[in-house]
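Residues per chain, in single letters:
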Amino acid sequence: MALIDTNSIERIEIVRGSNAQFGNGATGGTINIITKQAGDVNRTEVITSLTAQDEDVGDSFGGGIFVAHDRRIDELGLRFEFGADTIGDLFDGDGRQIPSDPLVGQGGGDNQQNYTLGFALDYTAGSHQFDLRFDYNRFVQDIEFITDYGTDPVSVDFGAPYTGEPVEDETGALTVSYRNNDLGIGELELQAFFTDNRRQAAFVPVGIANPLYYPISTTNLVQDPNAQTVLDTRTYGLRSTVRSDLSTVLPGLQVTWGADLARDEVEQSLVNGVDVIAPMEQTSVAAFAQFDVALGERFDLSGGVRYERFDLTVQDFVRPDAAQLTAGGVFALPALNVIGGEFDYAAFVFNLGGVYHVTSNTSVFAGFSQGFSIPDVGAFTRRA
């Protein structure tokens, strides 16, 4: 999920390094954001905020509101959330206005509006537990001036108003889960998820921060006013996880195993609809097993294996006219036909680690982990 209201978060878990349970996108580690569910009693929560900086109170004024309502009806829990906040101009410790930094889209974080809507449902019937979570987020940044990258530090160029469309990020996400903790094979969890994200980057004028750009044509190398990109991504996924207690085989042995399936669809174009990367679809299939066992009272051992296969389809497309700014001038890069194709990648990856508890308050750990993923293929087609 690109954006989430921090008031919706129950806790955040961070696992360093790769592990067998999670694959693509988690090669360096896993950040698990756990959102809130309905509490045990009916209640309504309202959080408000007002912000301003005394350098320029009027333009820096901002505020926000977050409303959540929990309702519990026997074994059914419902939670509704709504949030809205705004931020004006931002200033550093020396009173200088912080630039919006449109090169990275949301760099300065100023002059933004953020709206969130959330709904959570949980239901328990004996050993069966169902969970559903839907989130909608919309972010808009109205940039006023471009950034002057020639100063140190970079600064707001008050003589150059921003001429592009606002930076926007709109995301919808749905997750449905089923758990059963009373099966012969162990505790089962099934999860299905879907996310749809549209991200409109900023318009960045040609300069030292943006030397490769899209011109009106190869005979007119003035930057195209439509040279602002929109990235559309959709992700579908299914995951099955089983946590089995194998203490009868080896005292303290726990094994987490399962499989997952995911599909990603990616497109990126200019605001006028011209593709700037090859549209592509990627399907990943994986199976994994991770074990944890306590060897005596002081040493914990863990390890796992994961097999992952990626099937990637890259469509044909025409990389549009481009231009390159160099110290020797501007050079035209005529449009180019990019031939796509179908590709597949697969690998086994492993991890092994241990923790030795020196005392009740001190532990020593060591580990080795491997991860496997595919780099940003779209970037290669964009620079073809």
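Colleague: Before we go on, may I ask you to explain the overall build of the chain in this structure?
Modeller: When you go through the chain residue by residue, the secondary structure sums to two helices and 22 strands. Dimensions along the principal axes, computed over C-alpha positions, put the chain at roughly 75 × 50 × 45 Å. Burial status across the chain gives 37% buried among its 384 residues. At a minimum sequence separation of 6, the contacts of the chain that also span at least 24 residues come to 63%. Carbon and sulfur atoms provide 57% of the accessible area of the chain, an area that totals close to 20600 Å². For the chain, the centre of its 23 positive side-chain charges and the centre of its 54 negative side-chain charges are spaced 6 Å apart.

Colleague: Is there a simple way to think about a nonpolar patch on the surface in this case?
Modeller: On the surface, Ile 12, Ile 14, Ile 31 and Ile 33 cluster together into a nonpolar patch covering about 420 Å² of accessible area. Breaking the nonpolar patch down by element, the ones donating at least two residues are β1 (9–16) and β2 (29–35). If you trace the backbone, Ile 31 turns up in strand β2. Ile 31 sits in the exposed class, given a relative accessible area of 61%.

Colleague: Is there a simple way to explain the nonpolar core in this structure?
Modeller: Across soluble globular proteins, nonpolar side chains show a tendency to be buried alongside one another. One finds Ile 143, Tyr 162, Val 167, Ala 202, Tyr 214 and Val 276 to be the most contacted residues of the largest nonpolar core, which totals 14 residues. Counting residues in hydrophobic clusters, the runner-up holds nine residues, among them Ala 278, Phe 317, Val 338 and Ile 374.

Colleague: Would you explain the packing of aromatic side chains in this entry?
Modeller: Each pair of aromatic rings is reported with the distance of its centres and the angle of its planes. Following the criterion strictly, the structure yields six aromatic pairs and no others. Both rings, one in Phe 130 and one in Tyr 178, keep their centres 5.1 Å apart while their planes meet at 45°; by these two values the pair is tilted. You can see Phe 130 sitting in strand β7 (residues 128–141) and its partner Tyr 178 sitting in strand β10 (residues 167–183), a full 48 residues away along the chain. On the accessibility criterion, Tyr 178 (18% relative accessible area) is buried. Measuring from centroid to centroid gives 5.3 Å for Phe 145 and Phe 158, while their planes differ by 65°, and the two rings are edge-to-face. Residue Phe 145 is located in strand β8 (residues 145–148), and its partner Phe 158 is located in strand β9 (residues 155–161); the two are separated by 13 residues in the primary sequence. Over the aromatic face of Phe 380 sits the side chain of Arg 383, whose NZ or CZ is 5.7 Å from the ring centroid.

Colleague: Hey, could you run me through the sheet that holds strand β12 (residues 212–213) in this one?
Modeller: In a beta sheet, neighbouring strands are held together by backbone hydrogen bonds and run either parallel or antiparallel to one another. Here three strands make up an open sheet; going across it, the order is β12-β18-β19 and the pairing antiparallel. With partners counted over all chains shown, the strands left at the sheet margins are β12 and β19 (329–333), one partner each. Here β12 runs beside strand β18 (residues 322–326); their pairing, made up of two bridges, is antiparallel. When the bridges of β18 are listed, Tyr 213 appears paired with Ala 323.

Colleague: Is there a simple way to think about the pairing of strand β14 (residues 254–270) in this case?
Modeller: The two faces of a sheet get side chains in turn, since along a regular strand they alternate between them. In this structure, strand β13 (residues 229–245) lies alongside β14, joined through 17 bridges in antiparallel fashion. The residue of β14 that forms the bridge with Arg 239 is Asp 260. Strand direction decides the pairing type here: β14 and strand β15 (residues 280–295), joined by 13 bridges, are antiparallel. Directly across from Val 266, in β15, lies its bridge partner Met 280.

Colleague: I would appreciate a short explanation of the side chain of Ser 177 in the present structure.
Modeller: Assignment of secondary structure puts Ser 177 in strand β10. For Ser 177, a relative accessible area of 6% puts it in the buried group. Once residues within four sequence positions are removed from consideration, Ser 177 is found in contact with Gln 129, Phe 130, Asp 131, Leu 190 and Gln 191.

Rules used throughout
Residues numbered from 1 in each chain as written. Predicted model: local features only at pLDDT ≥ 70, side-chain atom pairs only at ≥ 80, totals over all residues. Heavy atoms only, no water. Helix = DSSP H or I, 4+ residues; strand = E, 2+ residues; numbered from the N terminus. Buried < 20%, exposed > 50% of the residue type's maximum accessible area, 1.4 Å probe, protein only. Contact = heavy atoms within 4.5 Å. Areas by Shrake-Rupley, 256 points an atom, 1.4 Å probe, with all protein chains shown as cover. Lys, Arg positive; Asp, Glu negative; His and termini not counted. Charge placed at Lys NZ, Arg CZ, Asp CG, Glu CD. Patch = residues over 30% accessible without salt bridge, like charges linked within 9 Å, V, L, I, M, F, W, Y side chains within 5 Å. Salt bridge = Lys/Arg side-chain N within 4 Å of Asp/Glu carboxyl O. Core = buried A, V, L, I, M, F, W, Y, C linked by side-chain atoms within 4.5 Å. Phe/Tyr/Trp six-rings, centres within 6.5 Å; stacked < 30°, edge-to-face > 60°. Lys NZ or Arg CZ within 6 Å of the ring centre and 35° of its normal. Pairing = 2+ DSSP bridges.

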